[in-house]
There are 2 protein chains.
Amino acid sequence: MKSQPRPTLHDVAAQAGVSIATVSRVLNGGARIRPETAQRVQEVVRALGFRPNRMGRDLRRGQSRAVGVLLPTLANPVFADSVSGIQEAAREAGWTVLITSSDYDPAQERAAMEGLLAERVAGLIVTVADAERSPTLDALDEAGQPYVLFHNESPFPERASVAVDNEAAGADAARALIAQGHRRLAMVAGRFLASDRSRRRHRGFMQAVAQAGLPAPALIEADFNAEAAAALGGVFTASGRPTGLFCSNDLLALRTIAGLRALGLAVPGDVSVIGMDGINVGQLISPSLASIVQPAREMGRRAFLHLLARLAEASPPAQIRLSHRYRPGQSLAAATPQE
Amino acid sequence: MKSQPRPTLHDVAAQAGVSIATVSRVLNGGARIRPETAQRVQEVVRALGFRPNRMGRDLRRGQSRAVGVLLPTLANPVFADSVSGIQEAAREAGWTVLITSSDYDPAQERAAMEGLLAERVAGLIVTVADAERSPTLDALDEAGQPYVLFHNESPFPERASVAVDNEAAGADAARALIAQGHRRLAMVAGRFLASDRSRRRHRGFMQAVAQAGLPAPALIEADFNAEAAAALGGVFTASGRPTGLFCSNDLLALRTIAGLRALGLAVPGDVSVIGMDGINVGQLISPSLASIVQPAREMGRRAFLHLLARLAEASPPAQIRLSHRYRPGQSLAAATPQE
DNA sequence: GGAAATGATGTAAACGTTTTCATTTTCATA
DNA sequence: TATGAAAATGAAAACGTTTACATCATTTCC
């Protein structure tokens, strides 16, 4: 079955005995049309199953009611959920969403962004590795492309963003561990402190620990792909090993727990672990994962809405901070007194 | 900073002292152009940072080198991975991917599909709840819209599809349990046997069990959102309760295991569990999740490539079956002899 | 009852490309 | 050098919309 040509404005106009301009006006509203004419047109539109051709419309308008989204990966549920939020808000507004992912690779990040620009998206929602030093962002600025940072925070106030307060989140993670009596802490970060997210969480974590008068936590950098156990080994064979661990995201926390298990350490028996993101599976597993929860879906919604506002020049760039919250889990238990 | 107007073919043509037709030809290749002219044009293109406007191009071509993807949800990693595969293949081919999700809701499914059609995508990759009875698919057929079923299998050979052999997968799950000495089995499905995937897996599972001469397994329908424990309670309080459980997907398996735990049953101590999909987190948790693995990413790639072939009318509709495989996990252990 | 204002609709240009067809240039051959 | 085929390029139409402007019909007001 070959797809027969879809009806155009001309077909509708001919059938309804009016001009294409009138049809267009009926469809777009806002113009004065005689009610009976409007109704007749509507009927033909329905009868023919007419849908405006987006290409013609966009070309004429000079804008494609589409936003581009650039994320590290969809494999991390926190991003998948964020995307759902974006899509939800976009659908309500009648916009289209183009999604690309960078797999944490700067080259792919740049290429994906170029692709979105070629698509003539009206604006972008981007999560970059490091918003404080990003060629990708510089290129966007230079091109004058409107965008909203997502999950990133920028030191430049003219760069709009939607994120949680990662520094405060790191601090809250520390306090959650400390409140359960943990005194020797450590943080596990992905292969980057080349990530502003990780860095901020780390900074907040360190500050809260220092404020509590505790010794400075070790920082364990564990490559996402390598065996987490290897990286953990160094810190955990030493005497006086940490009893409380903050992992910079939940997926990493799961890997870390698996690594600890491989080392013969029990969670939370020997070590308590808290992650960040609040992914759903964290609550299904045993021990359930304590985490600093990000409102991923809501963040997506807000990012889209803020971008829309920016595009309409209805609002100046804002650095929107949504609030995170601590979700207890079995992976974070009270420190054993003798430790 | 306002985005200044991007250069068009006209700008390039003027600057290079040729006509827009020549520029177009240089860019699209396939036409005979004097090398020196081509080079001059290329230089101007680079200098001006010209990128062809997709709207103009698509409008003229009458086709929007874009494919639409309709999935139940991105929250299930098996779909997120599938999308990555699609995007990867699409990027290589220079196509754009539009993603929508239905959240398992027929109304949203239909609405999302309408949205994609309005977008004038060239073709669709769709996962529907039930491919054997789907108004959505009927509508697509009627509109003459090319599409490829994804994760679905259709009884109609003219409907192209890319999926694993779900029936065989169900059978393999049964055999994996049986091979470990389990004799009393049950299957847990989501809120639907209104899903062809679940039905096929169920059918294969039942057949393999019957073939082994074992009593027919109970079917437990557990709403995804409700407490799985409730649904499980009925089967597991009775004497002679099952020792082997096949869950129709991994996410459901995780929920089920949590439900069993709530009932005071240990996995795999009291009950062995095998899921399906092979999501990554399954290998991070403890006990690790035994599963029938789908090659999600590869399925995505193949779905896109097959759709492309169909669009080019380079191949007739095929029902492509990719092979699944059994991945052992700690959640499936040998049955205790006395059981 | 006529002028002016208002309301409804039509005409045509424009958006940036690709592509058909016509035209010019090039170059080998007679 | 004249001829013509082949190669290179240009002119213009078309894709389906939106919208400024023009036009026509209707009402309103004196």
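Residues numbered from 1 in each chain as written. Chains lettered and ligands numbered in written order. Predicted model: local features only at pLDDT ≥ 70, side-chain atom pairs only at ≥ 80, totals over all residues. Heavy atoms only, no water.

### Structural notes on the overall build of chain A
Part 1 of the reasoning: Within chain A, the regular secondary structure consists of twelve helices and twelve strands.
Part 2 of the reasoning: Relative to the globule expectation of 20 Å for 339 residues, the C-alpha radius of gyration of chain A, 26 Å, shows a markedly less compact shape.
Part 3 of the reasoning: If you line up chain A on its principal axes, its C-alpha atoms span 90 × 40 × 35 Å.
Part 4 of the reasoning: For chain A, with 339 residues in total, the buried portion stands at 54%.
Part 5 of the reasoning: Counting only contacts in chain A whose residues sit at least 6 apart along the sequence, the fraction spanning at least 24 positions is 71%.
Part 6 of the reasoning: Accessible surface for chain A amounts to roughly 14,200 Å². Of this, 50% is attributable to carbon and sulfur atoms.
Part 7 of the reasoning: Separation of charge centres in chain A, based on 37 positive and 32 negative side chains, amounts to 7 Å. (Helix = DSSP H or I, 4+ residues; strand = E, 2+ residues; numbered from the N terminus. Rg over C-alpha atoms; globule rule 2.2 N^0.38 Å. Buried < 20%, exposed > 50% of the residue type's maximum accessible area, 1.4 Å probe, protein only. Contact = heavy atoms within 4.5 Å. Areas by Shrake-Rupley, 256 points an atom, 1.4 Å probe, with all protein chains shown as cover. Lys, Arg positive; Asp, Glu negative; His and termini not counted. Charge placed at Lys NZ, Arg CZ, Asp CG, Glu CD.)

### Considerations on the sheet that holds strand S6 (residues 185-189) of chain B
All names here are of chain B.
Part 1 of the reasoning: The sheet built from six strands is open, its strands ordered S7-S6-S8-S9-S10-S12 with mixed pairing. A strand with exactly one partner marks an edge of an open sheet, and here the two such strands are strand S7 (218-221) and strand S12 (325-327). Neighbour to neighbour, the strand axes of the sheet diverge by 20 degrees on average, direction disregarded.
Part 2 of the reasoning: Summarising the sheet, strand S8 (residues 244-247) and strand S9 (residues 272-277) pair through three bridges and their orientation is parallel. Its bridge partner lying in S9, Gly 244 is registered against Ser 272.
Part 3 of the reasoning: Its contacts with the sheet place helix H9 (residues 196-211) against S6, S7, S8 and S9, and it is angled at close to 175 degrees to S6. (Pairing = 2+ DSSP bridges. Axes fitted to C-alpha atoms, helices over the stretch in contact; angles between N-to-C directions.)

### Observations concerning the side chain of B:Arg54
Part 1 of the reasoning: Considering the arrangement of structural elements, one finds B:Arg54 in helix H4 (residues 54-61).
Part 2 of the reasoning: When near neighbours in sequence (up to four residues on either side) are disregarded, B:Arg54 contacts A:Ala118, A:Glu119, B:Arg65, B:Gly94 and B:Thr96.

### A few points about the protein's contact with DNA strand C
Part 1 of the reasoning: Taken together, 27 residues surround DNA strand C, and among them A:Thr22, A:Arg25, A:Thr37, B:Leu9 and B:Arg60 come closest.
Part 2 of the reasoning: A share of 62% of the atoms of DNA strand C within 4 Å of the protein falls on sugar and phosphate groups.
Part 3 of the reasoning: Contact distances for DNA strand C include 2.3 Å between a phosphate oxygen and a side-chain N or O atom of A:Thr37.
Part 4 of the reasoning: With respect to DNA strand C, the backbone of B:Leu9 contributes an N or O atom lying 2.6 Å from a phosphate oxygen.
Part 5 of the reasoning: Breaking the surface near DNA strand C down by element, the ones donating at least two residues are helix H2 (20-28) and helix H4 (54-61) of chain A together with helix H1 (9-16), helix H2 (20-28) and H4 of chain B.
Part 6 of the reasoning: At five residues, H2(B) tops the list of elements feeding residues into the surface near DNA strand C.
Part 7 of the reasoning: Residues belonging to the surface near DNA strand C are distributed by class as follows: nine nonpolar, ten polar and eight charged. (Near = heavy atom within 4 Å. Polar contact = N/O pair within 3.5 Å; in protein donor to acceptor, adjacent residues only side chain to side chain. Nonpolar A, V, L, I, M, F, W, Y, C, P; charged D, E, K, R; others polar.)

Read these as spatial facts, not as claims about activity.
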